[in-house]
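# A structural walkthrough
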Amino acid sequence: MPTSVPCPTCQTTVEWSDKSPFKPFCSERCKLIDLGEWANEEKAIPGEPAVIPDQQPGNDEAY
Ligand SMILES: [Zn+2]
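Residues numbered from 1 in each chain as written. Predicted model: local features only at pLDDT ≥ 70, side-chain atom pairs only at ≥ 80, totals over all residues. Heavy atoms only, no water.

Right, let's get into the environment of Pro6. Structurally, Pro6 is set in strand β1 (residues 4-6). Along the primary structure Pro6 and Trp16 are separated by ten residues, whereas in three dimensions their C-alpha atoms are 9.7 Å apart. Beyond its immediate stretch of four places on either side in the chain, Pro6 contacts Gln11, Thr12, Thr13 and Pro24. (Helix = DSSP H or I, 4+ residues; strand = E, 2+ residues; numbered from the N terminus. Contact = heavy atoms within 4.5 Å.)

UniProt tags Cys7, Cys10, Cys26 and Cys30 as "binding site: Zn(2+)" (unreviewed entry). These annotated residues cover 24 residues of sequence, and their C-alpha atoms all fall within 8.1 Å of one another, placing them together at a single site. The topology assignment puts Cys10 in the loop between β1 and β2 (13-15). Residue Cys10 is classed as partly exposed on the basis of its relative accessible area of 36%. In this structure, Cys30 sits in helix α1 (residues 28-43). (UniProt positions renumbered as here; feature names shortened; annotations may be inferred. Buried < 20%, exposed > 50% of the residue type's maximum accessible area, 1.4 Å probe, protein only.)

Donor atoms from the polypeptide that bind the zinc ion are Cys7 (SG), Cys10 (SG), Cys26 (SG) and Cys30 (SG), placed at 2.3 Å. Read N to C, the donor residues that coordinate the zinc ion are spaced as C-x2-C-x15-C-x3-C. (Donors = N, O, S within 2.8 Å, 3.2 Å for Na, K, Ca; no water.)

Moving on, we come to unusual backbone geometry. In the segment running from Lys23 into Pro24, the intervening peptide bond is cis, with an omega of 10 degrees. Tracing the sequence through the fold places Pro24 in the loop between β2 and α1. Although it is not a glycine, Gln11 adopts a positive phi angle of roughly 70 degrees. Residue placement: Gln11 occurs in the loop between β1 and β2.

Structure below.
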C-alpha cells in the first residue's frame, strides 16, 4: 500500500515512491514554485547583511 502525501503547492495527492521524482511535490513546476516562494521570503528581509559566524573566541590569544 503506497503512502501518499499532498503536494505542498497545489495539494494534489502525490504517491510517495520512485514514481514521484519530485516528491513531496506533484511535479517539477510545483517544486520550483515552492522554492521560489521560499527565496522571495528570504529576500523580503530588509537590509539585513549576511553575517558569517567566523568569530572564534580566544583567537586573539593564539596569535
Ligand atoms: Zn503540485
